[in-house]
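Structural features, examined
Spelled out from the first residue to the last, the chains are:
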Amino acid sequence: MPEQPAHTRPRDAAIGSGLGRVLLLVYGIFALSASARALVQITTHFSEAPVAYLLSAFAGLVYITATVGLAIGGARGRLIALTSCTIELIGILVVGTLSIADAVAFPDDTVWSRYGSGYGYVPLVLPFIGLWWLWRNRPR
Amino acid sequence: MNGPLSTATIAVALALGVWYLIRTALDRRPTNTDLWAMLGLGALVTVLVIVAIVGLVTGDRPSDTMTFVGYLLTTVAFAPVAVYLARLEPTRWGTLILGVAALVLPVLVLRLQQIAEGAASIAGVTGA
């Protein structure tokens, strides 16, 4: 079969298609890993580091809403994705900084600890890509 | 966890991942061969997971069985989900979906090995 160059993306395509579908997969992975991690932490040894584990659960929730926002698309999905990507960006910067500055307050890791170093710093890069993607596909 | 089988899975996944990334850079949509290759990797992963489940039933259980089973389910679902999404996206980004999945799978297999060895200290650092 002769190879055709890949299709280009139409301007009015949904935010959940093209690169958006790659983001959907990556956000989905983090939604699953962050919330599964929180579930295990909270059900097995919650008292050890309640703040860190609640933060894990919160991070999981943020990734879930971002995934849902990208998936449903449209004006509403865009707003959901925009809100959760912004919270995600603030979260990774604040928690990342605090976990280095005040290690005692974070005895156990969350997805966002040390700027997501346990996850190859993907959690640090992801909100920037997400927000760039939403900005690039802003309605006009 | 079966050592040689894990190593083979990781090697195949890394090779496929690099291939998909090159194809993405060349702006190629996923071909049927690309999709079948991912399903082949999925079959290899399924064998690995079945071997792990047999080990779970007959042999020693890792100290963190719940996490281990969670990882097993995630790992076995990975390739089919990637193929499903890549088929929805007949552009270079579909190829990138396969690439991301192929490069995350080795991480999942490594984590499975860590948990199987009951390395509580490592699990404590990198989490569930």
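Everything below is about the structure shown above.
So, how was this worked out
- Residues numbered from 1 in each chain as written.
- Chains lettered and ligands numbered in written order.
- Predicted model: local features only at pLDDT ≥ 70, side-chain atom pairs only at ≥ 80, totals over all residues.
- Heavy atoms only, no water.
- Helix = DSSP H or I, 4+ residues; strand = E, 2+ residues; numbered from the N terminus.
- Expected span 1.5 Å × (residues − 1).
- Buried < 20%, exposed > 50% of the residue type's maximum accessible area, 1.4 Å probe, protein only.
- Contact = heavy atoms within 4.5 Å.
- Polar contact = N/O pair within 3.5 Å; in protein donor to acceptor, adjacent residues only side chain to side chain.
- Salt bridge = Lys/Arg side-chain N within 4 Å of Asp/Glu carboxyl O.
- Axes fitted to C-alpha atoms, helices over the stretch in contact; angles between N-to-C directions.
- Parallel < 35°, antiparallel > 145°, perpendicular 65-115°, else oblique.
- Left-handed = near helix turned anticlockwise from the far one by under 90°.
- Nonpolar A, V, L, I, M, F, W, Y, C, P; charged D, E, K, R; others polar.

1. Side note on helix H3 (residues 74–101) of chain A
Residues and elements named next belong to chain A.
- Between its terminal C-alpha atoms H3 stretches 40 Å, which fits the 40 Å expected from 28 residues at 1.5 Å a residue.
- Buried within H3 are the following residues: Gly77, Arg78, Ala81, Ser84, Cys85, Glu88, Leu89, Gly91, Ile92, Val95, Gly96 and Ser99.
- Where H3 is buried, its residues contact helix H1 (19–45), helix H2 (50–72) and helix H4 (122–136).

2. With respect to the environment of Ser113 of chain A
All names here are of chain A.
- Within the secondary structure, Ser113 sits in the loop between H3 and H4.
- In contact with Ser113, other than residues within four places in its own chain, are Val95, Ser99 and Asp108.
- In this structure the side chain of Ser113 is engaged in a polar contact, spanning 2.9 Å, whose partner is the backbone nitrogen of Thr110.

3. A short note on the pattern of salt bridges
- Within the structure shown, the criterion is met by three salt bridges over all chains.
- We note a salt bridge from Arg21 of chain A to Glu89 of chain B, for which the minimum N-O separation is 2.6 Å. Separated into two different chains, Arg21 of chain A in helix H1 and Glu89 of chain B in the loop between helix H3 (65–88) and helix H4 (92–116) make up a pair that spans both.
- Of the charged contacts in the structure, one is a salt bridge between Asp34 of chain B and Arg23 of chain B, with a shortest N-O distance of 3.8 Å. Pair noted here: Asp34 of chain B is in helix H2 (residues 32–58) and Arg23 of chain B is in helix H1 (residues 3–25), with a separation of 11 residues, a long-range link. The pair formed by Asp34 of chain B and Arg23 of chain B is uniform in burial state, with each residue classed as buried.

4. Quick notes on the packing of H2 of chain B against H3 of chain B
Residue and element names in this part refer to chain B.
- At their nearest, the axes of H2 and H3 sit 10 Å apart, and the two run at 165° to each other. The angle between the axes of H2 and H3 places the two elements in the roughly antiparallel class. Handedness of the crossing formed by H2 with H3: left-handed. Of the residues in H3, those touching H2 at Leu35, Met38, Leu39, Gly42, Val45, Thr46, Val49, Ala52, Ile53 and Leu56 are Thr65, Phe68, Val69, Leu72, Thr75, Val76, Ala79, Ala82, Val83, Ala86 and Arg87.
- Considered class by class, the residues forming the contact of H2 with H3 number 16 nonpolar, four polar and one charged.

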